[in-house]
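For reference, the chains in residue letters:
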Number of protein chains: 2
Amino acid sequence: MANDQQPLTKEAILDAAEQVLRRYGPEKTSVVDVAKVLQVSHGTLYRHFPSKSALREAVTERWLLGLASSLQEIANQTEGQARDRLRLWLDTLVVFKRNYVLEDPEMFSMYRSVTQEAVKLIQDHVHQLIQQITQIVDAGVKTQEFHVDASEDAARAIFLATSRFHHPAHAPEWLDSTNAADFERVWQLVLKGIS
Amino acid sequence: MANDQQPLTKEAILDAAEQVLRRYGPEKTSVVDVAKVLQVSHGTLYRHFPSKSALREAVTERWLLGLASSLQEIANQTEGQARDRLRLWLDTLVVFKRNYVLEDPEMFSMYRSVTQEAVKLIQDHVHQLIQQITQIVDAGVKTQEFHVDASEDAARAIFLATSRFHHPAHAPEWLDSTNAADFERVWQLVLKGIS
């Protein structure tokens, strides 16, 4: 916990905010609750996060950055085939989202409502993910595994064509018994579409 | 309007229900309102539709059957190339949904909430649409335009890969300035994936 001797870092605030959001639920958490956990005045915390929605947005942003960072590591790999890397990248995204819904539905629901309002935040995130797919597609074009006219257009098409499995609006369908087989069907179509 | 001399057909009830739903909005419409328009007792109407939700479901079912019927006509065509037919089929579905959101957002929202609850209704509808795509894919396989291992799997993959453009959960995104170009990107990917 922070006190007047230790600087109040953004990370420490977001850790506390996440802890409180999990304990009380996104609807009931206030900036004052987070200040209490950090043992600072709420005035101090309001200087960093002027509103409850700023706090929720910052926690969501950190969640998205963490996901993008794990996926970037996959996109950066240079060993093996590009098709295996693309599959691993998609699997990681799909499994991450699905597990979150199953294991932490309340936080997932908060992330979802924040991303519906914070348009710029989600645009940047999607842009970042499409750049990562572009990186993998480019690598596959170089090794002649993939044949596409424009890697970034193909990457955007791949991201959109797999929306059913990672876009949060489809979360209820991720529990369908056909979900895994459906993903495999779409993957085969996508793979043939860029090969 | 019906009276005691004319039989009260299901079509007449649904016409009246749709008229009342449009006038008062889906939230405020009751079975009694519909009975008034038809000039029958609400007891008579309750024998056909025991609840407001049965009425809403029947109106939605008719809407879905109308859409599926227009699409079936396209799937049944035998002139020209299968790829053009598949594109026309998808365009028709995508444009129908998008125009509905723009022109009749309140009814669209009702259809959406009904289809979220009436699982069997939407399952049957999706099954029917995938059968239509299968019919087009089969025709293309016969003329060697398409090359797929199993037409029905390919058809399901095509339906799922284009969810972004016809699944009602994505309705807010259909107004994005990139929507038409995004559809084109996914179409190119899908077409190459079955060619």
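Keep in mind that this is a model prediction, so the values were computed, not measured.

How each quantity is defined
- Residues numbered from 1 in each chain as written.
- Chains lettered and ligands numbered in written order.
- Predicted model: local features only at pLDDT ≥ 70, side-chain atom pairs only at ≥ 80, totals over all residues.
- Heavy atoms only, no water.
- UniProt positions renumbered as here; feature names shortened; annotations may be inferred.
- Helix = DSSP H or I, 4+ residues; strand = E, 2+ residues; numbered from the N terminus.
- Phe/Tyr/Trp six-rings, centres within 6.5 Å; stacked < 30°, edge-to-face > 60°.
- Buried < 20%, exposed > 50% of the residue type's maximum accessible area, 1.4 Å probe, protein only.
- Lys NZ or Arg CZ within 6 Å of the ring centre and 35° of its normal.
- Domains from an automatic or database assignment.
- Contact = heavy atoms within 4.5 Å.
- Buried area = accessible area lost by both parts, 1.4 Å probe.
- Polar contact = N/O pair within 3.5 Å; in protein donor to acceptor, adjacent residues only side chain to side chain.
- Nonpolar A, V, L, I, M, F, W, Y, C, P; charged D, E, K, R; others polar.
- Salt bridge = Lys/Arg side-chain N within 4 Å of Asp/Glu carboxyl O.
- Least-squares fit on C-alpha atoms with pLDDT ≥ 70 in both.
- Core = buried A, V, L, I, M, F, W, Y, C linked by side-chain atoms within 4.5 Å.
- Axes fitted to C-alpha atoms, helices over the stretch in contact; angles between N-to-C directions.
- Parallel < 35°, antiparallel > 145°, perpendicular 65-115°, else oblique.

**Description of the UniProt feature "DNA-binding region" (unreviewed entry) in chain A**
Move 1: The UniProt feature table records "DNA-binding region" (unreviewed entry) at residues 30–49 of chain A.
Move 2: With 75% helix and 0% strand, residues 30–49 of chain A has its two end C-alpha atoms placed 11 Å apart.

**Things to note about the packing of aromatic side chains**
Move 1: The tally for this structure, following the rule as stated, stands at 16 aromatic pairs over all chains.
Move 2: Ring geometry for A:Phe108 against A:Trp174: centres 6.0 Å apart, planes inclined by 75°, an arrangement best described as edge-to-face. With A:Phe108 in helix α6 (residues 105–117) and A:Trp174 in the loop between α9 (163–166) and α10 (179–194), this pair connects stretches of sequence that are 66 residues apart. Both residues of the pair, A:Phe108 and A:Trp174, belong to the buried class.
Move 3: Relative to B:Tyr111, the ring of B:Trp63 lies with its centre 3.9 Å away and its plane at 15°, an arrangement referred to as stacked. A residue pair is termed long-range when its members are at least 10 positions apart, and B:Trp63 in helix α4 (residues 52–76) and B:Tyr111 in helix α6 (residues 105–117) qualify at 48 residues. Of the two residues examined, B:Trp63 and B:Tyr111, each falls in the buried class.
Move 4: Among the aromatic residues, those joined into a ring-pair cluster are A:Trp63, A:Phe96, A:Tyr100, A:Phe108, A:Tyr111 and A:Trp174.
Move 5: The positively charged end of A:Arg23 is found above the aromatic ring belonging to A:Tyr24, 5.6 Å away from the centroid.

**Some remarks on the domain arrangement of chain A**
All names here are of chain A.
Move 1: Along its sequence, chain A is organised into domain 1 (10–48) and domain 2 (59–194).
Move 2: Contacts between domain 1 and domain 2 engage ten residues on the former and nine residues on the latter.
Move 3: Summed over both sides, the interface between domain 1 and domain 2 buries roughly 810 Å², with carbon and sulfur atoms accounting for 57% of that surface.
Move 4: Between the two partners, domain 1 and domain 2, sit five residue pairs in polar contact (both at pLDDT 80 or more).
Move 5: The residue makeup of the side of domain 1 that touches domain 2, split by class, is four nonpolar, one polar and five charged.

**Describing the interface of chain B and chain A**
Move 1: The partner chain A presents 24 residues to the 24 residues of chain B that form the contact.
Move 2: Taken together, the two surfaces of chain B and chain A that pack against each other cover about 2,000 Å², and 60% of this comes from carbon and sulfur.
Move 3: Among the elements of the structure, α8 (151–161), α9 (163–166) and α10 (179–194) of chain B are those that each provide at least two residues to the side of chain B that touches chain A.
Move 4: The biggest single contributor to the side of chain B that touches chain A is α10(B), with eight residues.

**Overview of the pattern of salt bridges**
Move 1: As enumerated under the stated definition, the model contains 27 salt bridges over all chains in all.
Move 2: Here B:Asp91 ties to B:Arg87 by a salt bridge, and the two come within 3.1 Å at their closest N and O atoms. Of the two residues, B:Asp91 and B:Arg87 are both situated in helix α5 (residues 82–103); the distance of four residues between them amounts to about one turn of the helix.
Move 3: Using a relative accessible area of 25% as the deciding quantity, one classes B:Asp91 as partly exposed.
Move 4: Salt bridges here are not isolated pairs; linked through shared partners, they connect A:Glu11, A:Asp15, A:Glu18, A:Arg22, A:Arg62 and A:Asp104.

**As for the relation of the copies chain B and chain A**
Move 1: Rotating chain B by 180° and moving it 0.0 Å along the rotation axis overlays it on chain A with an RMSD of 0.0 Å. Interpreted geometrically, this transformation is the action of a two-fold axis.
Move 2: Looking at chain B, 100% of its interface residues are interface residues in chain A too, so the copies touch through the same face.

**Describing the nonpolar core**
Move 1: A:Leu86, A:Trp89, A:Ile158, B:Leu86, B:Trp89 and B:Ile158 are the most contacted members of the largest nonpolar core, which has 66 residues in total.
Move 2: What B:Leu86 contacts, discounting residues up to four positions off in sequence, is B:Ile133, B:Ile136, B:Phe146, B:Ile158, B:Trp187 and B:Ile194.

**What about the packing of α10(A) against α8(B)?**
Move 1: α8(B) packs onto α10(A) with a crossing angle of 90° between their chain directions and a minimal axis gap of 8 Å. Accordingly, the angle class assigned to the pair α10(A) and α8(B) is roughly perpendicular. For the pair formed by α10(A) and α8(B), the contact residues are A:Asp182, A:Arg185, A:Val186 and A:Leu189 on the first element and B:Asp153, B:Arg156, B:Ala157, B:Ile158, B:Leu160 and B:Ala161 on the second.

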